[in-house]
Amino acid sequence: MPLPRRFPAPSLAPAPNQPARVLLLTVSRGLGGGIERYLTTVEETLRAGGADLLRIDMLGPGVELTAAARARFILRALDQARRFGPADSVVAGHANLIPVAAVALRLTRARFGPVLFYGTDIWSMRATDRAILRADPLLHPVTISSYSAGALSTVGLAPILAPGISPAWRATLLAEASRRRPLPPVPTMLSVFRLADWAGKGAAVLMAAVRSVRQTLGPVRLVLAGQGPAPGALHELVSADPDTELHESPTDADLARFYATADLFALCTRTRPRGPAASGEGYGIVLLEAQLAGCAVVGPASGGSHDAYQDGVTGSTPVDESAEALADVLRAMLADRARLARIGRRAAEWAAAATRPDDYVRLVFTALTGRPPAGLGGAEVPDQPADAPHGRTRAGAPSHSGA
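These remarks concern the structure in this document. (Residues numbered from 1 in each chain as written. Predicted model: local features only at pLDDT ≥ 70, side-chain atom pairs only at ≥ 80, totals over all residues. Heavy atoms only, no water.)

## Some thoughts on the overall build of the protein chain
Threshold: Counting from the N terminus, the helices are the DSSP runs of H or I reaching at least four residues and the strands are the DSSP runs of E reaching at least two. Only protein chains enter the accessibility calculation, which uses a 1.4 Å probe; a residue is then buried when its area is under 20% of its type maximum, exposed when over 50%, and partly exposed in between. Throughout, a residue-residue contact means that at least one pair of heavy atoms, one from each residue, lies within 4.5 Å. Each accessible area is a Shrake-Rupley result for a 1.4 Å probe, and residues are judged covered by the shown protein chains and nothing else.
Each helix and strand counted, the protein chain has 14 helices and eleven strands in total. Among the 403 residues that make up the protein chain, the fraction classed as buried is 54%. For the protein chain, long-range pairs separated by at least 24 residues make up 71% of all intrachain contacts whose partners lie at least 6 apart in sequence. About 16100 Å² of surface is accessible on the protein chain, with carbon and sulfur atoms providing 56% of the total.

What follows is the structure, encoded as structure tokens:
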């Protein structure tokens, strides 16, 4: 979409006591996925900080992605941008929305146009969108991890706005971490991901690594959980291993218990930036959730997950994406379960400090409006509905094959 030749003059800086006005453009609502979850958390955080926000979605339940749907979205977005009037910022929730955001910025006379990036969308960005992002002085990339920020360096410096965790869910996980349970005789490994993405999330590699660990350390229970239903291929893989369990769409209470009773959590996302089976981890909020519940973690060998834990303190990282490298890390950590429990307690302390709700409100306002919140007033990020990586409806961060 070409930019208009004549733009209205930019709006004046708002008075400090006036609420920030934000137009949020998103690809979808109600269809699930880590990006939706991230954006819903951002939306509710802005509202909690006093922002006047209008969200416009391209797709919803029952709406297919067609040329007609795109056209209707563009017309609706620009009409509502014009009606919304002067704004502080227009936030593009995905790189595909850059052209619409560029025009909406002028219609709202906004001074600031953050564009949110997650993972594989950085490499798959359309050439026209990349050109607009580079040329438009009002558009600015924002992303979820230092890894993604590095990948975006060719188009500009991208501040990092990591995923957030709703206070209610955070409190639930910390409460689970505070409970002292006796160690069961058999150690438990846990991995949580959207079950349809099992290949990109490395389920087969994790299972192979755990089988290798069992040959050295003896029995190890492996639990795979997440939003279902699970594909038939994953059911077949799990059914061939009697010491592996598969849990489809666990409740929040069940998931919190899975985190808190596991000896070790592993996220094994494969890094495939291009092609039909592209995958990658932009952040991996499940790593934060596991640590809040007092569980030590193992992160992917590459991607943005290094921001989600402290390597060598609250978790470990394999040297590469092979089953052998993963098995070496799992074996070293599971060999001393008392030490692993101490790591889990440190993980809960670190994750609690890293996810303070008031801090997140300030970060969101700084990154997406260029100004502080009007006043927290004790407000917290609400426990809003959004599709979580494990498949429940709760607020938080992507787990885009990239989140």
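## Things to note about the packing of helix α7 (residues 167-178) against helix α10 (residues 252-261)
Quick note on the threshold: Every axis in this analysis is a line fitted to C-alpha atoms, fitted for helices over the stretch in contact. Angles between the N-to-C directions lie between 0 and 180 degrees. Roughly parallel covers angles under 35 degrees, roughly antiparallel covers those over 145, roughly perpendicular covers 65 to 115, and oblique covers all other angles. In this scheme, a crossing is called left-handed if the near helix is turned counterclockwise away from the far one by less than a right angle; it is called right-handed if the turn is clockwise. Note on residue categories: nonpolar means Ala, Val, Leu, Ile, Met, Phe, Trp, Tyr, Cys or Pro, charged means Asp, Glu, Lys or Arg, and polar means any other residue, Gly included.
Between α7 and α10, the least distance of the axes is 9 Å, while the angle of their chain directions is 45°. Compared by their axis directions, α7 and α10 come out oblique. Like other packed secondary-structure pairs, α7 and α10 cross with a definite hand, here right-handed. Taken together, the residues of α10 that come into contact with α7 (itself represented by W169, T172, L173 and E176) are D252, L255, A256, R257, Y259 and A260. Here the residues of the contact of α7 with α10 are counted per class, giving six nonpolar, one polar and three charged.

## Things to note about helix α8 (residues 203-217)
Inclusion rule: One less than the residue count of a helix, multiplied by 1.5 Å, gives the span that helix is expected to have. In this description, the arc belongs to the directions extending from the helix axis to the C-beta atoms.
For α8, with 15 residues, the first-to-last C-alpha span of 20 Å sits near the 21 Å given by 1.5 Å per residue. For α8, the full list of buried residues reads A203, L206, M207, A209, V210, V213 and R214. Down the axis of α8, the buried set is contained in an arc of 165°. They therefore lie on one face. Those residues of α8 that are exposed and angled more than 90 degrees off the buried face are Q215 and T216. Its buried side turned inward, α8 meets β6 (188-192), β7 (221-226), α9 (232-239), β8 (244-248), β9 (264-266) and α12 (323-334). Downstream of α8 by a residue or two, G218 has a phi angle that is positive, lying close to 95°.

## Describing the sheet that holds β9
Heads up, the condition is: For two strands to count as paired, DSSP must find a minimum of two bridges between them.
A sheet is described by the order of its strands in space; here six strands give the open sequence β8-β7-β6-β9-β10-β11, paired in parallel fashion. The sheet terminates laterally at β8 and β11 (315-316), the two strands that pair on one side only. Bridge analysis of strand β10 (residues 296-298) against β11 gives two bridges, and the strand direction is parallel. Each bridged residue has a counterpart across the sheet, and for V297 the counterpart in β11 is G315.

## Here's the deal with the nonpolar core
The condition is simple: What is meant by a nonpolar core is a set of buried Ala, Val, Leu, Ile, Met, Phe, Trp, Tyr and Cys residues, joined one to another through side-chain atoms within 4.5 Å.
Y38, L161, Y259, F265 and L368 are the most contacted members of the largest nonpolar core, which has 51 residues in total. With 34 residues, the next largest nonpolar core counts M58, A102, I122 and L133 among its residues.

## Quick word on the pairing of strand β5 (residues 139-143)
A large share of β5 lies buried, amounting to four of its five residues. Looking at chain direction, strand β4 (residues 113-117) and β5 are connected through five bridges and run parallel. Residue pairing across strands places V115 opposite P141, the latter belonging to β5.

## With respect to a positive patch on the surface
Just so we agree on the cut-off: Residues forming no salt bridge and having over 30% relative accessible area are the ones grouped into patches, like charges within 9 Å of each other and nonpolar side chains (Val, Leu, Ile, Met, Phe, Trp, Tyr) within 5 Å. Any Lys or Arg side-chain nitrogen found within 4 Å of a carboxyl oxygen on Asp or Glu counts as a salt bridge. Note on charges: Lys and Arg go in the positive column, Asp and Glu in the negative column, and His and the chain ends are not counted at all. A charge is said to be at NZ when it belongs to Lys, at CZ for Arg, at CG for Asp and at CD for Glu.
Where like charges cluster on the molecular surface, the positive patch consists of R180, R339, R342, R345 and R346. Note on placement: R339 falls in helix α13 (residues 337-354).

## A few points about the pairing of strand β2 (residues 52-59)
Regular strands place side chains that alternate from one sheet face to the opposite one. Taking burial as the measure, the eight residues of β2 include six buried ones, the bulk of the element. Strand direction decides the pairing type here: strand β1 (residues 21-28) and β2, joined by seven bridges, are parallel. Counterpart to T26 in the pairing with β2 is D57.

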